[in-house]
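# Working through the structure, step by step
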Amino acid sequence: MSLTSYILIGLAVLIIAYSVYSYFSTKKMVKTISQDEFKAGYRKAQLIDVREQKEFEGGHILGARNIPSTQLKMRMKELRKDKPVYLYCQSGMRSTRAAQMLYKNGYRDLYQLDGGFKKWTGKIKTK
């Protein structure tokens with residue numbers, strides 16, 4: 001085998017290792033819960049929609065506050081560390097990143113809606 005082959009194999013192993021590490025570290029930070037579990041707990045928690053304002057205005061879960069993931073770093077102080085934080089976005093990607101940011105800043109009771117808003121069948125509010 002050539003040196004290039006070894007380098008490519010090494011890079012592939014590193015990428016796979018990083019992906020596995022990232023997957024398990026995210027599972028430790030935020031619990032992804034079903035819609036039924038989400039419905040059962042979000043009224044006692046801080047319900048945060050991390051989508052952008054226009055998406056939020058197009059429809060959101062009843063009772064949710066809009067703190068877009070792009071503004072979360074600046075608005076983090078609006079969230080209490082002593083209460084659960086229930087997060088959702090359109091599909092789950094942005095809420096995962098938001099949860100990672102919150103976890104790094106001392107928030108520990110973090111939950112996200114499995115499948116995001118696009119799979120939500122509960123009550124919604126539109127403007």
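Thresholds applied
Residues numbered from 1 in each chain as written. Predicted model: local features only at pLDDT ≥ 70, side-chain atom pairs only at ≥ 80, totals over all residues. Heavy atoms only, no water. Buried < 20%, exposed > 50% of the residue type's maximum accessible area, 1.4 Å probe, protein only. Helix = DSSP H or I, 4+ residues; strand = E, 2+ residues; numbered from the N terminus. Pairing = 2+ DSSP bridges. Right-handed = clockwise from strand over helix to strand, strands pointing away. Patch = residues over 30% accessible without salt bridge, like charges linked within 9 Å, V, L, I, M, F, W, Y side chains within 5 Å. Areas by Shrake-Rupley, 256 points an atom, 1.4 Å probe, with all protein chains shown as cover. Salt bridge = Lys/Arg side-chain N within 4 Å of Asp/Glu carboxyl O. Core = buried A, V, L, I, M, F, W, Y, C linked by side-chain atoms within 4.5 Å. Contact = heavy atoms within 4.5 Å.

### Points about the pairing of strand β5 (residues 85-88)
Alternating residues of β5 divide into Val85 and Leu87 and Tyr86 and Tyr88, and every residue in both groups is buried. Sheet analysis places strand β2 (residues 46-49) next to β5, joined by 4 bridges and oriented parallel. Bridge assignment links Asp49 to a residue of β5, and that residue is Tyr88. Strand direction decides the pairing type here: β5 and strand β6 (residues 110-113), joined by 3 bridges, are parallel. Each bridged residue has a counterpart across the sheet, and for Tyr86 the counterpart in β6 is Tyr111. Handedness of the crossover joining β5 and β6 through helix α5 (residues 93-104): right-handed.

### Side note on the sheet that holds strand β1 (residues 31-33)
The strand order β1-β6-β5-β2-β4 describes an open sheet built from 5 strands, whose pairing is parallel. A strand with exactly one partner marks an edge of an open sheet, and here the two such strands are β1 and β4 (65-66). Note: β2 against β4, 2 bridges, orientation parallel. Across the sheet, Ile48 pairs through a bridge with Arg65, a residue of β4.

### Details of the pairing of β6
Put simply, side chains in a regular strand alternate between the two faces of the sheet. Pairing of β1 with β6, which is carried by 3 bridges, proceeds in the parallel orientation. Residue Lys31 lies in a different strand from β6, and its bridge partner there is Tyr111.

### Considerations on a nonpolar patch on the surface
Together, Met1, Leu3, Tyr6, Ile7, Leu8, Ile9, Leu11, Val13 and Leu14 make up an exposed nonpolar region whose accessible area comes to about 1,000 Å². Mapped onto the elements of the fold, Tyr6 is located in helix α1 (residues 3-29). With a relative accessible area of 52%, Tyr6 lands in the exposed category.

### Brief notes about the nonpolar core
Ranked by internal contacts, the top residues of the largest apolar core, which has 17 residues, are Ile48, Leu79, Val85, Leu87, Leu102, Tyr107 and Leu110. Those elements giving two or more residues to this core turn out to be β5 and α5. Not counting the four nearest positions on each side in its chain, Leu87 is found in contact with Phe38, Ile48, Val50, Ser95, Ala98, Ala99, Leu102, Tyr111, Gln112 and Leu113. Counting 13 residues, the second largest nonpolar core, distinct from the first, contains Phe38, Ala45, Ala64 and Trp120.

### Some thoughts on the environment of Pro68
Positionally, Pro68 belongs in the loop between β4 and α4 (72-75). Taking the C-alpha atoms as reference points, Pro68 and Glu52, separated by 16 residues in sequence, lie 5.0 Å from one another.

### Description of the pattern of salt bridges
This model, assessed by the stated rule, comprises 4 salt bridges. When the shortest N-O distance is used, the salt bridge between Asp49 and Arg51 registers 2.8 Å. Accessibility expressed as a relative area gives 2% for Arg51, which makes it buried. In this structure, the salt-bridge partner of Arg80 is Asp82, at a minimum N-O distance of 2.8 Å.

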